[in-house]
Amino acid sequence: MVNTKVNLCGVELINPVIPASGTFGFGYEFNDIYDINVLGGISIKGTTKEPRFGNPTPRIAECTSGLINSIGLQNPGIDAVVKEEIPKLRKIYRNAIISNISGFSVDEYAYCCEKINALKEVDIIEVNVSCPNVHNGGMSFGTLPENVEAVTKAVKKVTDKPVFIKLTPNVTDIVSIAKACEQGGADGISLINTSQGLRIDLKKRRPVIANKIGGFSGRAVFPIALKMVYQVYQAVKLPIMGIGGVATAEDVIEMMMAGATAVQVGAENLVNPYACRDIVNNLPFVMKKYGIQDLNDIIGVAHNE
Amino acid sequence: MKKVYLTVLQNQALTDSVYKMQLKGDLSGIRAGQFVNIALDGLYLRRPISVCDVEGDVLTIIYKVVGKGTERLSAMDGGEILDVLTGLGNGYFTDFAGDKPLLIGGGVGVPPLYYLAKLLIKEGKKPTVILGFNKAEEVFYKEEFEALGATVLVSTVDGSFGIKGFVTDAVKQVPEYSHVYTCGPEPMLKAVYNATTTGGHYSFEERMGCGFGACMGCSCKTKYGNKRICKDGPVLDKEEIIW
């Protein structure tokens, strides 16, 4: 028997496989197609203080080995998520619930985190300072180290749950941003969110997406994500949730070798709704193939000289 | 939703750009007005195509070649095995139909009405079907609807076949109807909305990411709140539509 258990800031995960925020709804919907209790954790749809419809449609553009989305943080607002969505998920799901939070000001981030802190159902808070699809918010917080530090400090003040800051790859120096998280008192780092991208409709001679520019994700971004996880692992002591283009159990292992303690699967859920389950099922076989007894032995192993 | 592997039985051109494909496999649980989402090698996203008919274990889809995915589909000639998600969307419900439902389809909005017409006739209703196209060369499935026993009116914009004008010009020739079921381009749906007097169910199209409600890529606003075209739709009640 191989060991797939990992520990994220005191939260034990039965395996490191977590569907990424925005690709798995509030989780319970997927229980109709498979038992979601096979998943180590679920990062639920990003939530803001107020309900949001999000951006105009079309919001999706296909790319080679990926897609661009510009959803714009559509969500029912923090009150509905606290009262309805999270309890609904907890009723059927016993593993780690990761609540993903977005905001348009430092106060909004803190407001949402305080609300989530009151929920015993939530194990980890993931703070999204990296949404590329909303103006005056999201990513603008994630591109400047001082902003990241300010948000981190503000949310840490109002919660005793582990806080992961979710970073954007759309920066010059990911390491300086990661260090700002550490400086602000973050418990961990999630990376990467989507990379900005554009597609143009040749017939219409206009961008495919109504909002023009969106966030690119999918298998194509895996090497970029892997590189950033690798760099951040070297620079900070915080545990990392590796995200970006993960589609197979091999990808999970590679992410962990780069330095991730847990791994999130995003876009792949949208093309194969069974992706996370399939990865969980394959993981022990792939571990055996590469002589891995315990996943904890390979975290960051690629850094060894 | 189910993930199944379907075998292509046949694929034939109905017009210059519209194809009919039949696939075989496990089709349990598929309702009229739903769609399937087909994975194609080398293309990242699946291709959502409406269900035209289900007969035993044979699924019929009719699609127009508009891009890479449908081009790829049109080149298949049988024997290919496709990874397909089935049972997607809410579909049409026959409960509201009344005795004389009116079915209105425009272009590739026609196919999903076929399975619905079949079910309605099986229930003893007397549907009238209006099929709208731009010109005579684009007309398809008139005989198939007639063979079901439906009353069929065809309209073409240039008048080269049937009633000259839009589907709403054909509506004027229907003396009486109890409910409207429609599918087609949004301007047509809006025209039908304004030109008809009864309640109705309107099937919408939107560019989708996943096709099963996870990504929020195809959301729209309705009087009953935000809905996902792929999961809460594609069929909306006339009462809830906001144009």
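Basis of the calculations
Residues numbered from 1 in each chain as written. Chains lettered and ligands numbered in written order. Predicted model: local features only at pLDDT ≥ 70, side-chain atom pairs only at ≥ 80, totals over all residues. Heavy atoms only, no water. Salt bridge = Lys/Arg side-chain N within 4 Å of Asp/Glu carboxyl O. Helix = DSSP H or I, 4+ residues; strand = E, 2+ residues; numbered from the N terminus. Buried < 20%, exposed > 50% of the residue type's maximum accessible area, 1.4 Å probe, protein only. Pairing = 2+ DSSP bridges. Axes fitted to C-alpha atoms, helices over the stretch in contact; angles between N-to-C directions. Contact = heavy atoms within 4.5 Å. Right-handed = clockwise from strand over helix to strand, strands pointing away. Patch = residues over 30% accessible without salt bridge, like charges linked within 9 Å, V, L, I, M, F, W, Y side chains within 5 Å. Areas by Shrake-Rupley, 256 points an atom, 1.4 Å probe, with all protein chains shown as cover. Parallel < 35°, antiparallel > 145°, perpendicular 65-115°, else oblique. Left-handed = near helix turned anticlockwise from the far one by under 90°. Nonpolar A, V, L, I, M, F, W, Y, C, P; charged D, E, K, R; others polar. Buried area = accessible area lost by both parts, 1.4 Å probe. Polar contact = N/O pair within 3.5 Å; in protein donor to acceptor, adjacent residues only side chain to side chain. Domains from an automatic or database assignment.

**Student:** When you look at the pattern of salt bridges in this model, what are you seeing that I'm missing?
**Tutor:** Two side chains that carry opposite charge are able to pair once their charged atoms sit near each other. All names here are of chain B. With the rule as written, the count across this model stands at 18 salt bridges over all chains. Here K3 makes a salt bridge to D83, at a shortest N to O gap of 3.7 Å. Taken together, the positions of K3 in strand 1 (residues 2-13) and D83 in strand 6 (residues 81-88) put the pair 80 residues apart, joining distant regions of the chain. Residue class for K3 comes out partly exposed when judged on its relative accessible area of 26%. With a relative accessible area of 16%, D83 lands in the buried category. Members of the salt-bridge network, linked through shared partners, are K3, R46 and D83.

**Student:** Where do I start with the sheet that holds strand 1 of chain B in this structure?
**Tutor:** To summarise the sheet geometry, strands pair through backbone hydrogen bonds and adopt either a parallel or an antiparallel arrangement. Residue and element names in this part refer to chain B. One closed barrel accounts for six strands, arranged 1-2-5-4-3-6; its pairing is antiparallel. Averaged over all pairs of adjacent strands, the angle between their axes in this sheet comes to 45 degrees, without regard to strand direction. Across the sheet, helix 2 (residues 111-122) lies against strand 4 (47-55) and strand 5 (58-64), angled at about 30 degrees from strand 4, the strand it touches most.

**Student:** Looking at this structure, how should I read helix 7 (residues 249-258) of chain A?
**Tutor:** Turn by turn, an α-helix covers 3.6 residues, leaving residues three or four places apart pointing in a common direction. Residues and elements named next belong to chain A. In terms of burial, helix 7 is largely enclosed, as seven of its 10 residues are buried. Among the residues of helix 7, A249, D251, V252, I253, M255, M256 and A258 are the ones counted as buried. Close packing links the buried residues of helix 7 with strand 1 (6-8), helix 6 (222-235), strand 15 (240-243), strand 16 (262-265) and helix 9 (275-289). Once helix 7 ends, the next one or two residues include G259, with phi positive near 140 degrees.

**Student:** Where do I start with the pairing of strand 16 of chain A in this structure?
**Tutor:** Along a regular strand, successive side chains alternate from one face of the sheet to the other. All names here are of chain A. Burial along strand 16 is two-sided: the residues A262 and Q264 and V263 and V265 are all buried. Here strand 3 (residues 17-19) runs beside strand 16; their pairing, made up of three bridges, is parallel. Bridging from a neighbouring strand, I18 pairs with Q264 of strand 16. Alignment of strand 15 against strand 16, held across three bridges, turns out to be parallel. Across the sheet, residue I243 finds its bridge partner in strand 16, namely Q264. Read as a crossover between parallel neighbours, the route from strand 15 over helix 7 to strand 16 is right-handed.

**Student:** Mind showing me how you'd approach the environment of K120 of chain A here?
**Tutor:** Residues and elements named next belong to chain A. Relative to the helices and strands, K120 is located in the loop between helix 2 (106-117) and strand 8 (124-128). Classification of K120 as exposed rests on a relative accessible area of 75%. C-alpha separation for the pair K120 and V301, spaced 181 residues apart in sequence, amounts to 34 Å.

**Student:** How should I be thinking about a nonpolar patch on the surface in this particular structure?
**Tutor:** A surface patch of nonpolar side chains, amounting to about 420 Å² of accessible area, comprises L198, I200, L202 and I213 of chain A. Note on placement: L202 of chain A falls in the loop between strand 12 (200-201) and strand 13 (206-207).

**Student:** So what exactly am I meant to see when it comes to the packing of helix 7 of chain A against helix 9 of chain A here?
**Tutor:** Relative orientation and spacing of two packed helices are given, respectively, by the angle between their axes and the distance between those axes. Residues and elements named next belong to chain A. Where helix 7 meets helix 9, the axes come as close as 8 Å, and the angle between the chain directions of the two elements is 65 degrees. When the axis of helix 7 is compared with that of helix 9, the two are roughly perpendicular. Between helix 7 and helix 9 lies a crossing whose hand is right-handed. Where helix 7 approaches helix 9, its residues A249, E250, V252 and I253 are matched on the opposing element by I279, N282, L283, V286 and M287. Classifying every residue of the contact of helix 7 with helix 9 gives seven nonpolar, one polar and one charged.

**Student:** It is not clear to me how the sheet that holds strand 7 (residues 96-101) of chain A should be interpreted in this structure. Could you clarify?
**Tutor:** All names here are of chain A. Here eight strands make up an open sheet; going across it, the order is 3-16-15-10-9-8-7-4 and the pairing parallel. The open sheet is flanked by strand 3 and strand 4 (41-43), the only strands paired with a single partner. Taking the axes of each pair of neighbouring strands and ignoring which way they run, one obtains an average angle of 25 degrees across the sheet. For strand 4 and strand 7, the ladder comprises three bridges, and the chain directions are parallel. Paired with S43 across the bridge in strand 7 is I98.

**Student:** Just to check I follow, could you spell out the interface of chain A and chain B for this structure?
**Tutor:** One frequently used descriptor of interface size is the decrease in accessible area upon assembly of the parts. Taken together, the contact between chain A and chain B spans 33 residues of the former and 25 residues of the latter. Together, the buried faces of chain A and chain B total about 2,400 Å²; carbon and sulfur atoms form 59% of this surface. If you sort the residues of chain A by the area they bury against chain B, F53, E62 and V271 of chain A come out on top, with a joint share of 25%. Summed over the shared surface of chain A and chain B, the number is one salt bridge. For E62 of chain A, the salt bridge identified is with R47 of chain B, shortest N-O distance 2.7 Å. At the junction of chain A with chain B, the criterion picks out nine residue pairs in polar contact (both at pLDDT 80 or more). Going through the elements one at a time, strand 5 (60-63), strand 6 (66-69) and helix 8 (268-271) of chain A are the ones with two or more residues in the side of chain A that touches chain B. For the side of chain A that touches chain B, the leading source of residues is helix 8 of chain A, giving four residues. For the side of chain A that touches chain B, the per-class residue count stands at 15 nonpolar, 10 polar and eight charged.

**Student:** How should the packing of helix 5 (residues 174-184) of chain A against helix 6 of chain A be read in this particular structure?
**Tutor:** Residue and element names in this part refer to chain A. It is at 9 Å that the axes of helix 5 and helix 6 come closest, and there the two elements cross at 50 degrees. Judged by the inter-axis angle, helix 5 sits oblique to helix 6. Judged by the twist between their axes, the crossing of helix 5 over helix 6 is right-handed. Only M228, Q231, V232 and A235 of helix 6 make contact with helix 5, whose side of the interface consists of I174, V175, A178, K179 and E182. Partitioning the contact of helix 5 with helix 6 into residue classes produces six nonpolar, one polar and two charged.

**Student:** Looking at this model, I keep getting lost on the domain arrangement of chain B. Mind explaining?
**Tutor:** All names here are of chain B. Assigned domains of chain B: these are domain 1 (2-88) and domain 2 (94-203). With centres defined by C-alpha atoms, the gap from domain 1 to domain 2 works out at 23 Å. Taken together, the contacts link 18 residues of domain 1 with 13 residues of domain 2. Taking both sides of the interface into account, the surface hidden between domain 1 and domain 2 amounts to around 1,200 Å²; carbon and sulfur atoms contribute 65%. When the area that domain 1 buries against domain 2 is broken down by residue, the three leading residues are A32, C52 and I62, summing to 35%. Our enumeration of links across domain 1 and domain 2 arrives at two salt bridges.

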